[in-house]
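What the coordinates show
These are the residues of each chain, in order.
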Amino acid sequence: MATDPTAARQPQDEPDSYVGLSADEAERRATEHGWSTVRALPPGAVITMEYRVGRLNFTVEGGRVIRCWSG
């Protein structure tokens, strides 16, 4: 089966590298690195768990990223 050339691609970026950054800096950097969606969440937020290629999720506490994962 051929690949879909219009399919979103996952940036080759390590989510753990965002931990410790300010939320603003992390969002700016993620956008520059090609993430199509960036989602900042408070600790313990209730979220849907569907996987989305190109989305980066941050848990932000006190203005700093404390956890980061893709999807």
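The structure we're discussing is the one just above.
These notes cover the structure that comes with them. (Residues numbered from 1 in each chain as written. Predicted model: local features only at pLDDT ≥ 70, side-chain atom pairs only at ≥ 80, totals over all residues. Heavy atoms only, no water.)

Description of the pattern of salt bridges
- Taken as a whole and assessed by the stated rule, the structure comprises four salt bridges.
- A salt bridge links Arg28 to Glu32, with the nearest nitrogen and oxygen atoms 2.5 Å apart. Here Glu32 and Arg28 lie together in helix H1 (residues 23-32), a separation of four residues that amounts to about one turn.
- The exposure class assigned to Arg28 is partly exposed, which follows from its relative accessible area of 38%. (Salt bridge = Lys/Arg side-chain N within 4 Å of Asp/Glu carboxyl O. Helix = DSSP H or I, 4+ residues; strand = E, 2+ residues; numbered from the N terminus. Buried < 20%, exposed > 50% of the residue type's maximum accessible area, 1.4 Å probe, protein only.)

Details of the sheet that holds strand E2 (residues 55-61)
- Spatially, E1-E2-E3 is the arrangement adopted by the three strands of the open sheet, whose pairing is mixed. Every interior strand has two partners, whereas the edge strands, strand E1 (37-41) and strand E3 (64-70), have only one. Each strand of the sheet is rotated relative to its neighbour by a mean of 25°, with strand direction disregarded.
- H1 contacts E1, E2 and E3 of the sheet and is inclined by roughly 170° relative to E2. (Pairing = 2+ DSSP bridges. Axes fitted to C-alpha atoms, helices over the stretch in contact; angles between N-to-C directions. Contact = heavy atoms within 4.5 Å.)

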